[in-house]
Amino acid sequence: MAGILIVDDNPNIRYLLRVFIESQTPFKICGEASHGTEGIEKARVLQPDLVLLDLAMPVLNGVEAAAVLRGMMPRTKLVLFSMHFDNIPKSLSAVIGVDLTLSKSDGITKLGDHLKALLAPIDTAVEVAEPAVDTPISSKPV
């Protein structure tokens, strides 16, 4: 079972996410935090498999927290979940190393599918197709 840490300043959103994740996916919530700094501290202690971060939070926002978490826990999956992604370029996610950005307006049901994909065991993950046998490999000197 994967442990998920929810970091969101709205207690109602944290509750809805917890109920959805624990009732609609095989995953468990290992903890909750109300801002980025608290999320970093809880992640250090709990060592979650995935951290679900709200973008706009007091004290330390989701982008700042994600950057710290990526450096501290490189194998932990990071998901930014927010209402504000219309104004956030996708390249920002790549720069800070977030595994997924998901808009709350896309609906919570898509979150379950994304969590399952991100936390799928390696043996059930989709394998990358191998190149065709007749594809020539160039060994031309440069």
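Details of the structure are given in the entry above.
Residues numbered from 1 in each chain as written. Predicted model: local features only at pLDDT ≥ 70, side-chain atom pairs only at ≥ 80, totals over all residues. Heavy atoms only, no water.

## Quick word on the environment of Gln47
Now for step 1: With respect to the helices and strands, the residue Gln47 is situated in the loop between helix H2 (36–46) and strand S3 (50–54).
Now for step 2: Classification of Gln47 as exposed rests on a relative accessible area of 51%.
Now for step 3: Each C-alpha atom of the pair Gln47 and Thr76 lies 8.1 Å from the other, and the pair is 29 residues apart in sequence.
Now for step 4: Those residues within four positions of Gln47 in sequence are excluded, and the remaining contacts are Lys42 and Met73.
Now for step 5: Engagement of the side chain of Gln47 in a polar contact is seen with the backbone oxygen of Arg44, the distance being 2.9 Å. (Helix = DSSP H or I, 4+ residues; strand = E, 2+ residues; numbered from the N terminus. Buried < 20%, exposed > 50% of the residue type's maximum accessible area, 1.4 Å probe, protein only. Contact = heavy atoms within 4.5 Å. Polar contact = N/O pair within 3.5 Å; in protein donor to acceptor, adjacent residues only side chain to side chain.)

## Structural notes on the nonpolar core
Now for step 1: Counting residues in each nonpolar core, the largest one holds 19 residues, and the members touching the most others are Val7, Val51, Leu53, Ala66, Leu69, Leu80 and Ile96.
Now for step 2: Elements with a contribution of two residues or more to this core: strand S1 (3–7), H2, S3, helix H3 (62–72) and strand S4 (77–82).
Now for step 3: When residues of this core are assigned to their parent elements, the largest contribution, four residues, is made by H3.
Now for step 4: Ignoring anything within four residues of it in the chain, the contact list for Leu53 reads Val7, Gly62, Ala65, Ala66, Leu69, Val79, Leu80 and Phe81.
Now for step 5: Grouped together as the second largest cluster of nonpolar side chains are 16 residues, Ile21, Phe27, Val79 and Leu115 included. (Core = buried A, V, L, I, M, F, W, Y, C linked by side-chain atoms within 4.5 Å.)

## Description of the packing of H2 against H3
Now for step 1: Two numbers describe how H2 lies on H3: the axes approach to 9 Å, and their chain directions differ by 20°. What the angle tells us is that H2 and H3 run roughly parallel. For the pair H2 and H3, the crossing hand works out as right-handed. Each of Gly36, Ile40, Ala43 and Arg44 in H2 lies in contact with H3, whose residues at this interface are Ala65, Val68, Leu69 and Met72.
Now for step 2: Residue classes in the contact of H2 with H3 are distributed as six nonpolar, one polar and one charged. (Axes fitted to C-alpha atoms, helices over the stretch in contact; angles between N-to-C directions. Parallel < 35°, antiparallel > 145°, perpendicular 65-115°, else oblique. Left-handed = near helix turned anticlockwise from the far one by under 90°. Nonpolar A, V, L, I, M, F, W, Y, C, P; charged D, E, K, R; others polar.)

## Some remarks on the pairing of S1
Regular strands show a simple pattern: their side chains alternate between the two faces of the sheet.
Now for step 1: Summarising burial for S1: five of the five residues are buried, a large majority.
Now for step 2: Here S1 shows two buried faces, one formed by Gly3, Leu5 and Val7 and the other by Ile4 and Ile6.
Now for step 3: The sheet contact formed by S1 and strand S2 (residues 28–33) spans five bridges and is parallel. By the bridge assignment, Ile4 is partnered in S2 with Ile29.
Now for step 4: Judged from the four bridges that link them, S1 and S3 form a sheet pairing that is parallel. Residue pairing across strands places Ile6 opposite Leu52, the latter belonging to S3. (Pairing = 2+ DSSP bridges.)

That's the geometry; what it means functionally is another story.
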